[in-house]
Amino acid sequence: MKTESHATFPRIPSGIPGLDTLTHGGFLKGGVYLIMGAPGTGKTIIANQLAFNAVKQGGRALYVTLLAETHARMFGNLKPLAFFDENHISDSINYLGAYSVLEREGLDGLLKMLGEAIRKFKATMLFIDGVASVEDVAQTTLSFKKFVHQLNSVLSISGCTTFLLSSMDTGASNPEHTMVDGIISLNHAQEGLRDLRQIEVRKFRGSNHLKGRHLMRITDEGINVHPRVESYLGKPLKDYQSSAERRPFGVPDLDDMLSGGLMSGTTSSLLGPAGSGKTSFGAQFLATGAAVGEPGLYYTFYESVNRWARKCEAMGIEVVPHLQSGMIQAIWQGETEHYLDEVVDSILATVKRYGIKRVFIDGVGGLREGMFGAGRLHRALTALSNELRAHDVTTLLTEETEIFASEISAPISDLSAVTDNIFFVRQVEVESELRRVLSIIKTRDFESEHRVHEFFLSEHGIRIGNPFRNLESLMQGTAHAKPTHRSPPNRNRARTTLVKKKGSARKKK
Amino acid sequence: MKFVLIAEDEYDIALALELVLTESGYRVATVPNGQEALYALAKEKPDLILMDIMMPVLTGLETIQKIKADPEYADIPVVLMSAAPAKGTQEEYGWVAFIRKPFNVDDVLRVLARQLE
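What counts and what doesn't
Counting restarts for each chain, with residues numbered from 1 along the sequence as it is written. Following the order in which they are written, the chains are lettered starting with A and the ligands numbered starting with 1. Totals for whole chains, interfaces and linings use every residue, but because this is a predicted model, local features are given only for residues with pLDDT of at least 70 and side-chain atom pairs only at 80 or more, for both listing and counting. Note: side-chain values were computed over all heavy atoms of the structure, leaving out hydrogens and water. Secondary structure elements follow DSSP: runs of H or I of four or more residues count as helices, runs of E of two or more count as strands, with numbering from the N terminus. Relative accessibility thresholds used throughout: buried, under 20% of the residue-type maximum; exposed, over 50%; partly exposed, between the two (1.4 Å probe, protein chains only). Here, two residues are considered to be in contact whenever any of their heavy atoms come within 4.5 Å of each other. What counts as a ring pair is set by centres within 6.5 Å for rings of Phe, Tyr and Trp (its six-membered ring), and what kind of pair is set by the plane angle: stacked under 30 degrees, edge-to-face over 60, tilted for all other angles. Take the accessible area each of two parts loses on contact, using a 1.4 Å probe, and add the two losses: that sum is the buried area. Criterion for a salt bridge: a side-chain nitrogen of Lys or Arg within 4 Å of a carboxyl oxygen of Asp or Glu. Ten residues, namely Ala, Val, Leu, Ile, Met, Phe, Trp, Tyr, Cys and Pro, are considered nonpolar, four, namely Asp, Glu, Lys and Arg, are considered charged, and the remaining ones, Gly among them, are considered polar. In these notes, a set of buried Ala, Val, Leu, Ile, Met, Phe, Trp, Tyr and Cys residues joined through side-chain atoms within 4.5 Å is what counts as a nonpolar core. Expected span of a helix, by definition, is 1.5 Å for each gap between consecutive residues, and there is one gap fewer than residues. Fitting a line to C-alpha atoms yields each axis, with helices limited to the stretch in contact; the angle taken between N-to-C directions then spans 0 to 180 degrees. Orientation is classified from the angle alone, with under 35 degrees giving roughly parallel, over 145 giving roughly antiparallel, 65 to 115 giving roughly perpendicular, and any other angle giving oblique. In a left-handed crossing the near helix is turned counterclockwise from the far helix by less than a right angle, and in a right-handed crossing that turn is clockwise. Side-chain atoms alone can form a polar contact between residues adjacent in sequence; in general such a contact is a pair of N or O atoms within 3.5 Å, and within protein one must be able to donate a hydrogen while the other accepts it. DSSP bridges decide pairing: two strands pair if at least two such bridges lie between them. Note on handedness: a crossover is taken as right-handed if, strands pointing away from the viewer, the path from the first strand over the helix to the second is clockwise. What the arc describes is the spread of directions from the helix axis to the C-beta atoms. pLDDT expresses, on a scale from 0 to 100, how confident the predictor is about each individual residue.

A. Region of interest: the overall build of chain A. Helix and strand counts for chain A stand at 16 helices and 24 strands. Buried residues in chain A amount to 55% of all 509 residues.

And the structure:
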């Protein structure tokens, strides 16, 4: 990702996944940063994770507590986290209590203690946990301002990168806000019954940073930040040149309809009700690619990989050998409280790691469920498809439509803007028999077949049948015979009948 | 009444130990770091030193080394405390007991009673 820096101070990578994306590369060496948030928002974990990661990079950390939890209790809470290693404590990480000094000797005594401790323990990173206590002890705002200013001076000559932890948000005019180089804010937000942890870089001198709030999780590994996809992937790579290759499905008549297959780097949507065959088309797409050395990724929210593989085998679609060889990677996002951003992170990480050329995401509904914040899905899908295009990946997305609806509801507004090609499949009743129909609603960049075709799924895979000649309204699900007296269709009349979801205006081209 | 010197930088722990030991019949003085523990020794020799390891100015291990190097104070029993595993050994530093935090106050009193019998 391109880093925009206004200055060339050396950076210290945080070691916290996603956090360096927010700061465009890590904290500036020697900077002073405020980490603020109400109790329980994760300040202590983030600080300790920074400390232990600094030690892994050869640094030495000093963690000073004021009126905060005891060190023993803190270690007890940190012990389950993977980054915590008590063997470093009392060696390259030292924990000191400073409230006694503050109480007996005031701000000057604290300042003296900090300066001496940084030198004694040769600290390259300092944490002061409980800065609010200092403000309470300070007699006046001026004396607190003076303390912060003097602390900055002490720290600047030590070269120590410093983090002040505070549970109070006293506003932008507070000395600790104005005199620090950066402010990181942690909070909880409610979304329905869900509690979401959020992180925001409110200020970051010396460098650009990703603005706004981003989600984070605390897992067994520690803190994991998930930057909003549309914020860090918001700028597509310029001058991207598609390889202009075709990526066939491996279904001959379908590939003919598409003039050879999907163009590389494009994103296609496959709409249709449950059971209409969407997943089968996606599986075939991946299997065909894998057979010619194009690694694929199957990302699903709805069923386990084993179950999917068994279904494909039953249909004669060869994915199992490719799963075993690694030519197809498969990820099942079974967790029901996932985040859109962590899903996208996972997809992109897999694409980069395995050189994936074909991605099948089943389906957009799963992405939507992990989305928080109105209007994000369109921007996130745009960002994701741009990034995948930049890696010359050809992407297929599925979206479930209603079984009995006569209108095709687009999952997002401006679907046409996000995807290059739109296919529609469904089952229709024809003379008391269910038959499968496929229609190519839209293609970008090339002409495609415009007729509605029947298709078949069997143990031999997918077979495209003839176009329907004597039936109409197939896509609406109410197939009926064409009236015999009607004049031939006007091929110049637009064929798109894509309708936005309920509540939106009907859109006809 | 036995005199115990507590060297502990964590305010809450120092306060809690001071209260409990005083209630248990000890005379107590508390200092926040190892350097001040040495100053306190010079004023009055305690019967026992209960000392944290991670402290500013002089750590617990640095302080016990200085104490054991001085013939006048080398016989004072030193009990070390820490939230981290012990660095070094009893033979190396000469502590009489090591208490791991978080501790149960009864364990502390038992150790003190045993050392001060």
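Okay, back to it.
B. Expanded view of the environment of Ile-99 of chain B. All names here are of chain B. Mapping Ile-99 onto the fold places it in strand β5 (residues 97–100). Taking C-alpha positions, Ile-99 is 8.8 Å from Val-111, a pair spaced 12 residues apart along the chain. Aside from chain neighbours lying at most four places away, what touches Ile-99 is Leu-50, Val-79, Leu-80, Met-81, Ser-82, Val-108 and Val-111.

C. The arrangement of the packing of aromatic side chains in detail. Residue and element names in this part refer to chain A. Applying the stated criterion to the full structure yields 24 aromatic pairs over all chains. Ring centres of Tyr-33 and Phe-163 lie 5.7 Å apart, and the angle between their planes is 25 degrees; this geometry places the pair in the stacked category. Placement of Tyr-33 in strand β3 (residues 32–37) and of Phe-163 in strand β7 (residues 161–166) is noted, with a sequence separation of 130 residues between them. Judged by centre distance (5.4 Å) and plane angle (20 degrees), the ring pair of Tyr-298 and Phe-360 falls under stacked.

D. Quick peek at the interface of chain B and chain A. In this complex, chain B contributes 24 residues to the contact, which on the side of chain A involves 27 residues. Both faces combined, the contact of chain B with chain A buries some 1,900 Å², and carbon together with sulfur accounts for 58% of it. At the boundary of chain B and chain A, one finds two salt bridges. Secondary structure elements with two or more residues in the side of chain B that touches chain A: α1 (11–23) and β2 (27–31) of chain B. Top contributing element to the side of chain B that touches chain A by residue count: α1 of chain B, with three residues. For the side of chain B that touches chain A, the residue count by class is 14 nonpolar, two polar and eight charged.

E. Representation of the pattern of salt bridges within the structure. All names here are of chain A. Taken as a whole and assessed by the stated rule, the structure comprises 25 salt bridges over all chains. In this structure, the salt-bridge partner of Arg-194 is Glu-337, at a minimum N-O distance of 3.7 Å. You can see Arg-194 sitting in strand β9 (residues 194–204) and its partner Glu-337 sitting in the loop between β16 (328–332) and α13 (340–354), a full 143 residues away along the chain. The buried category is assigned to Arg-194, whose relative accessible area is 14%. Using a relative accessible area of 42% as the deciding quantity, one classes Glu-337 as partly exposed.

F. The arrangement of the nonpolar core in detail. All names here are of chain A. In terms of nonpolar packing, the biggest core is built from 71 residues, with Tyr-95, Phe-127, Phe-163, Ile-199 and Ile-361 touching the most fellow members. When residues of this core are assigned to their parent elements, the largest contribution, eight residues, is made by helix α2 (residues 43–56). If we ignore the near neighbours within four places in the chain, the residues touching Ile-361 are Tyr-299, Phe-301, Ile-347, Leu-367, Leu-384, Thr-395, Leu-396, Leu-397 and Thr-398. Counting 34 residues, the second largest nonpolar core, distinct from the first, contains Val-101, Leu-111, Val-131 and Val-148.

G. Up close: helix α15 (residues 376–390) of chain A. Residues and elements named next belong to chain A. The end-to-end C-alpha distance of α15, which contains 15 residues, comes to 21 Å, matching closely the 21 Å that a straight helix rising 1.5 Å per residue would cover. Every buried residue of α15 is accounted for by Arg-376, Leu-377, Ala-380, Leu-381, Ala-383, Leu-384, Ser-385, Glu-387 and Leu-388. Where α15 ends, the next residue or the one after it, Asp-392, has phi of about 60 degrees, a positive value.

H. Representation of the packing of helix α2 (residues 34–43) of chain B against helix α3 (residues 60–69) of chain B within the structure. All names here are of chain B. Between α2 and α3, the shortest axis-to-axis distance is 9 Å and the interhelical angle comes to 25 degrees. One element, α2, and the other, α3, form an angle in the roughly parallel class. Here α2 and α3 pass one another in a crossing that is right-handed. Residues Gly-34, Ala-37, Leu-38 and Leu-41 of α2 form the contact with α3, whose own contacting residues are Thr-63, Lys-66 and Ile-67. Class assignment for the residues of the contact of α2 with α3 results in four nonpolar, two polar and one charged.

I. Quick peek at the environment of Tyr-302 of chain A. Residue and element names in this part refer to chain A. Summarising the element assignment, Tyr-302 is placed in the loop between β15 (296–300) and α11 (305–314). Here Tyr-302 falls in the partly exposed class, since its relative accessible area comes to 46%. Separated by 32 residues in the primary sequence, Tyr-302 and Gly-334 have C-alpha atoms spaced 7.2 Å apart. Contacts of Tyr-302, omitting those with residues within four sequence positions, involve Trp-332, Asp-362, Gly-363, Gly-365 and Gly-366. Among the polar contacts made by the side chain of Tyr-302, one reaches the main-chain amide nitrogen of Gly-366 at a distance of 3.2 Å.

J. Structural detail: the side chain of His-214 of chain A. Residues and elements named next belong to chain A. Looking at where His-214 falls in the secondary structure, it is placed in strand β10 (residues 213–219). With relative accessibility at 1%, the residue His-214 sits in the buried group. Filtering out sequence-adjacent residues up to four positions away, His-214 remains in contact with Leu-22, Arg-197, Gln-198, Ile-199, His-226, Pro-227, Arg-228 and Ser-231.

K. Representation of the pairing of β2 of chain B within the structure. Residues and elements named next belong to chain B. Here strand β1 (residues 3–7) pairs with β2 via five bridges, running parallel. Counted as the bridge partner of Phe-3 is Arg-27 from β2. Each parallel crossover has a hand, and for β1 linked through α1 to β2 it is right-handed.

L. Quick look at the packing of α1 of chain B against helix α5 (residues 105–115) of chain B. All names here are of chain B. Where α1 contacts α5, the two axes come as close as 11 Å, and the packing angle between them is 55 degrees. One finds that α1 runs oblique with respect to α5. The way α1 lies across α5 gives a crossing that is right-handed. Residue-level contacts link Leu-17, Val-20 and Leu-21 of α1 to Val-105, Val-108, Leu-109 and Leu-112 of α5. Among the residues forming the contact of α1 with α5, the class breakdown is seven nonpolar, no polar and no charged.

M. Just α1 of chain B, in detail. Residue and element names in this part refer to chain B. For α1, with 13 residues, the first-to-last C-alpha span of 18 Å sits near the 18 Å given by 1.5 Å per residue. Within the sequence span of α1, burial applies to Ile-13, Ala-14, Leu-17 and Leu-21. End-on, the buried residues of α1 take up no more than an arc of 100 degrees, which puts them together on one face. Opposite the packed face of α1, turned more than 90 degrees from it, sit the exposed residues Leu-19 and Glu-23. Residues of α1 that are buried make contact with β1, β2, β3 (48–52), β4 (78–82) and α5. Gly-25 sits one or two positions beyond α1 and adopts a positive phi of about 100 degrees.

N. Expanded view of the confidence of the model for chain A. All names here are of chain A. Per-residue confidence for chain A gives a mean pLDDT of 86; residues scoring 70 or more make up 86%. Segment residues 1–6: pLDDT under 50, and 15 contacts once partners within four positions in sequence are set aside and those in other chains are kept. Below pLDDT 50 for its whole length, residues 493–509 participates in 24 contacts with residues either more than four positions away or in separate chains.

O. Just the sheet that holds strand β22 (residues 461–467) of chain A, in detail. All names here are of chain A. In space, the nine strands of this open sheet follow the order β16-β15-β17-β18-β14-β19-β20-β21-β22, with mixed pairing throughout. The sheet is open, and its two borders are formed by β16 and β22, each paired with just one other strand. This sheet shows a mean twist of 20 degrees between the axes of neighbouring strands, independent of strand direction. In the sheet, strand β19 (residues 421–430) pairs with strand β20 (residues 433–442) via nine bridges, with the strands oriented antiparallel. Bridging across to β20, Val-425 finds its partner in Leu-438. Across the sheet, α13 lies against β15, β16 and β17 (358–362), angled at about 165 degrees from β15, the strand it touches most.

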